[in-house]
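Below, each chain spelled out in residue letters.
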Amino acid sequence: MEHDNSPISQGHAVPLCHKAWTAYISCVLLVVIMIFVLRLAFNYSELAAAGVLAVSTLLIGYRVLLIRSVQLYYDDVGVWVYSGILPWQRGVRGVKWRDMDEATYVTGFWSWLLRSYTVRVGHRFTREGEILLTKMARGKQAVTILNERHQQLIRSGRLA
């Protein structure tokens, strides 16, 4: 069971993209807010400040690790997203090649400028089964690779 939820454990999986630097902006803003709260806590008591520091360190560390855990990849079965750091959250979800509709990314000035894309891998039959990832580095290239691979599989008749 643990093998099924492991990230890219097979040698034939190809990593495509991960979260971009823009995903960490919320962590930086959280650090700024926590510094402000920490200063207020020091005015109240040193014990309160120690509590705020401990909680903020755990919260920011968790968010950074969670962002780092997101990885989009494909193998011979389909397109998958691995994410999560806690044992009950860690896992893989995805779309099989036979059920894939198309891969797209959101275009716009900010995504072009920051090189941070929203990637969508559609499911032919249901929207609940699709993959939607925001703030992905190399998302534009990942979409191109996925669509080319999907077309190769269709042309070769391996999806029938």
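See the structure shown above.
Residues numbered from 1 in each chain as written. Predicted model: local features only at pLDDT ≥ 70, side-chain atom pairs only at ≥ 80, totals over all residues. Heavy atoms only, no water.

*Asks:* Which parts of the structure should I look at to understand unusual backbone geometry?
*Replies:* Negative phi is the rule for most residues except glycine; trans is the rule for most peptide bonds. Positive phi is not limited to glycine here, since Arg115 has a value of about 55°. Considering the arrangement of structural elements, one finds Arg115 in the loop between helix H3 (109–114) and strand S6 (117–123). The partly exposed category is assigned to Arg115, whose relative accessible area is 46%. Although it is not a glycine, Arg138 sits at a positive phi angle of roughly 55°. Its location among the elements puts Arg138 in the loop between strand S7 (131–137) and helix H4 (139–156). Arg138 gets classed as partly exposed once you look at its relative accessible area, which sits at 44%. (Helix = DSSP H or I, 4+ residues; strand = E, 2+ residues; numbered from the N terminus. Buried < 20%, exposed > 50% of the residue type's maximum accessible area, 1.4 Å probe, protein only.)

*Asks:* Hey, could you run me through the sheet that holds strand S5 (residues 100–105) in this one?
*Replies:* In sheet architecture, strand pairing relies on hydrogen bonds along the backbone and comes in two forms, parallel and antiparallel. Spatial strand order, S4-S3-S2-S1-S7-S6-S5: 7 strands in an open sheet with antiparallel pairing. Two strands bound the open sheet, and with one partner strand each, they are strand S4 (91–96) and S5. Pairwise comparison of adjacent strand axes, ignoring direction, gives a mean angle of 30° for this sheet. The sheet strands contacting H4 are strand S1 (14–19), strand S2 (71–74), strand S3 (78–83), S5, S6 and S7, and the helix crosses S5 at an angle near 155°. (Pairing = 2+ DSSP bridges. Axes fitted to C-alpha atoms, helices over the stretch in contact; angles between N-to-C directions. Contact = heavy atoms within 4.5 Å.)

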